[in-house]
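So the chains spell out like this:
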Amino acid sequence: MTNLFLVINFAISLLAIFLVIILYIKFSNVQQLEQDYHKLLKEAEETIGSYVYELKEENEAFLAKLPERNKVVKEQSGNSTERLIDEKEPEITQDDINALLGGRVPSDSKGKNEKKIAFEELSTYEQVAILLEEGHSMEEIAKKLDKGKTEIELLWKIRQ
């Protein structure tokens, strides 16, 4: 009887040791997952922080260029096709729609010969629309027009 009791006691001890080992392995896995989670969280915070910092720099550059652009527009006294940001946009006419959708050739309401407008004479918004139709990215458009990427995106979103 004592032998049977010893065998049962030994089996229960082995089972307890086995269960402790399994619990230790599970606990180690949970700790590893928690460390991975904190690492991913830190990377996400750094990425968002760098994006916000880049956005702030682009906005500051845009605001720095704004007074210079206003001076140039005022000096040209209406000869420029550039518009101040604070001015109200005129209503969109059928000619504007035809210019944007129909190959950028404005239709003449009196039936006269159609003329193509030089790309440089178009407003910034129209230039962006043309370049987007051609498949350029916002970054490429910003480089071609010598403007900030955020400025181009903001202009496009406001006009839509």
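To be clear, the structure that these remarks concern was listed above.
Procedures and definitions
- Residues numbered from 1 in each chain as written.
- Predicted model: local features only at pLDDT ≥ 70, side-chain atom pairs only at ≥ 80, totals over all residues.
- Heavy atoms only, no water.
- Core = buried A, V, L, I, M, F, W, Y, C linked by side-chain atoms within 4.5 Å.
- Buried < 20%, exposed > 50% of the residue type's maximum accessible area, 1.4 Å probe, protein only.
- Helix = DSSP H or I, 4+ residues; strand = E, 2+ residues; numbered from the N terminus.
- Contact = heavy atoms within 4.5 Å.
- Axes fitted to C-alpha atoms, helices over the stretch in contact; angles between N-to-C directions.
- Parallel < 35°, antiparallel > 145°, perpendicular 65-115°, else oblique.
- Left-handed = near helix turned anticlockwise from the far one by under 90°.
- Nonpolar A, V, L, I, M, F, W, Y, C, P; charged D, E, K, R; others polar.

**Q** Honestly, the nonpolar core in this entry has me stumped. Any pointers?
**A** Burial of nonpolar side chains together is a common tendency in soluble globular proteins. Tyr125, Val128, Ala129, Leu131, Met138, Ile141, Ala142, Leu145, Ile152 and Trp156 form the largest nonpolar core, which has 10 residues in total. Breaking this core down by element, the ones donating at least two residues are α3 (124-133), α4 (138-145) and α5 (149-159). Filtering out sequence-adjacent residues up to four positions away, Leu131 remains in contact with Phe119, His136, Ile141, Lys144 and Leu145.

**Q** Even after reading the chapter, I still don't get the packing of α3 against α4, so can you show me in this structure?
**A** Geometrically, a packed helix pair is captured by the angle between its two axes and the distance between the axes. Contact pair α3 / α4: the axes reach a minimum separation of 10 Å and the direction vectors enclose 135°. Compared by their axis directions, α3 and α4 come out oblique. For α3 against α4, the interelement crossing comes out right-handed. Residues Thr124, Gln127, Val128, Leu131 and Leu132 of α3 touch α4, and the partners they reach there are Met138, Ile141, Lys144 and Leu145. Within the contact of α3 with α4, the residues separate by chemical class into six nonpolar, two polar and one charged.

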